[in-house]
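# Descriptive analysis of the structure
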Amino acid sequence: MLQVSGKARYRLSRKSLQSISGRSVIKSALIKNIGEWMEGVAVILPLNRGGYVVISQESLEGIAPLKIGDVIPNWRKIDIEFLKAQVDVAADEDDE
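Residues numbered from 1 in each chain as written. Predicted model: local features only at pLDDT ≥ 70, side-chain atom pairs only at ≥ 80, totals over all residues. Heavy atoms only, no water.

### Quick notes on a nonpolar patch on the surface
Our working rule: For patches, a residue must show more than 30% relative accessible area and have no salt bridge; joins then use 9 Å for like charges and 5 Å for nonpolar side chains, namely Val, Leu, Ile, Met, Phe, Trp and Tyr. The Shrake-Rupley method, run with a 1.4 Å probe, gives the accessible areas here. Residue values count only the displayed protein chains as cover. One speaks of a salt bridge when a side-chain nitrogen belonging to Lys or Arg is within 4 Å of a carboxyl oxygen belonging to Asp or Glu. The way it works is that DSSP assigns letters per residue, a run of H or I at least four long becomes a helix, a run of E at least two long becomes a strand, and they are numbered from the N terminus. The rule is simple: take the accessible area with a 1.4 Å probe, protein chains only, and divide by the maximum for that residue type; under 20% is buried, over 50% is exposed, in between is partly exposed.
A cluster of nonpolar residues, Ile80, Phe82 and Leu83, forms a patch on the protein surface that exposes about 270 Å² of accessible area. Positionally, phenylalanine 82 belongs in helix H6 (residues 80-95). The class of phenylalanine 82 is partly exposed, set by a relative accessible area of 41%.

Printed below as a string of structure tokens:
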């Protein structure tokens, strides 16, 4: 679909995925399999509003790198337990 459309990304609704796959229920295992089939070409990610986004890996190559020092100024002095706590807090916020 990426090659035919000439676009770097597209949104795929759950309903379209159900129609294409011939399944009434889309399970995470199917998404994992699709991701594995597209390895090296594209990635598939779930969207919060429903459906999925398919992004070509080629388009991701141009993303500017993020310097850790710009986000966490004292990153050299942070211990691993602090970082784990930050990840746990972010995960809890996502669950809400």
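### What to know about helix H3 (residues 28-37)
Formally: Working definition: the arc comes from the directions between the helix axis and the C-beta atoms, pointing outward to the latter. Any two residues whose heavy atoms approach within 4.5 Å at even a single point are treated as in contact.
Leu30, Ile31 and Ile34 are the residues of H3 that are buried. Along the long axis of H3, the arc covered by the buried residues comes to 100 degrees, so they all point the same way. Across H3 from its buried face, at more than 90 degrees, point the exposed residues Ser28 and Lys32. Tucked inside the fold, the buried residues of H3 contact helix H2 (14-21), strand E2 (42-46) and strand E3 (52-56).

### Points about the sheet that holds E2
Condition: Here a strand pair is declared whenever DSSP counts at least two bridges between the two strands. Orientation is described by lines fitted to C-alpha atoms, with helices fitted over the stretch in contact, and by angles between N-to-C directions that extend from 0 to 180 degrees.
Ordered in space as E1-E3-E2, the 3 strands form an open sheet in which the pairing is antiparallel. Of all the strands in the sheet, the pair left with one neighbour each is strand E1 (9-12) and E2. Between one strand and the next, the sheet's axes are offset by a mean angle of 20 degrees, whatever the strand orientation. With 5 bridges joining them, E2 and E3 adopt antiparallel strand pairing.

### What to know about the pattern of salt bridges
Two side chains with opposite charge may pair up if their charged atoms get near one another. Tallied over the full model, the rule gives 1 salt bridge. For lysine 84, the salt bridge goes to glutamate 81, with nearest N and O atoms at 3.8 Å. Pair noted here: lysine 84 and glutamate 81 are both in helix H6, with a separation of 3 residues, about one helical turn. On the basis of relative accessibility, which here comes to 45%, the residue lysine 84 falls in the partly exposed class. For glutamate 81, a relative accessible area of 48% corresponds to the partly exposed category.

### Here's the deal with the pairing of E3
Within E3, 5 of the 5 residues are buried, leaving the element largely enclosed by the surrounding structure. As judged from the 4 bridges shared by E1 and E3, these two strands associate in the antiparallel manner. Across the sheet, arginine 11 pairs through a bridge with valine 53, a residue of E3. Between E2 and E3, which pair antiparallel one after the other, the connecting turn spans 5 residues, and glycine 50 there sits at a positive phi close to 110 degrees.

Worth remembering: the numbers are spatial, not functional.
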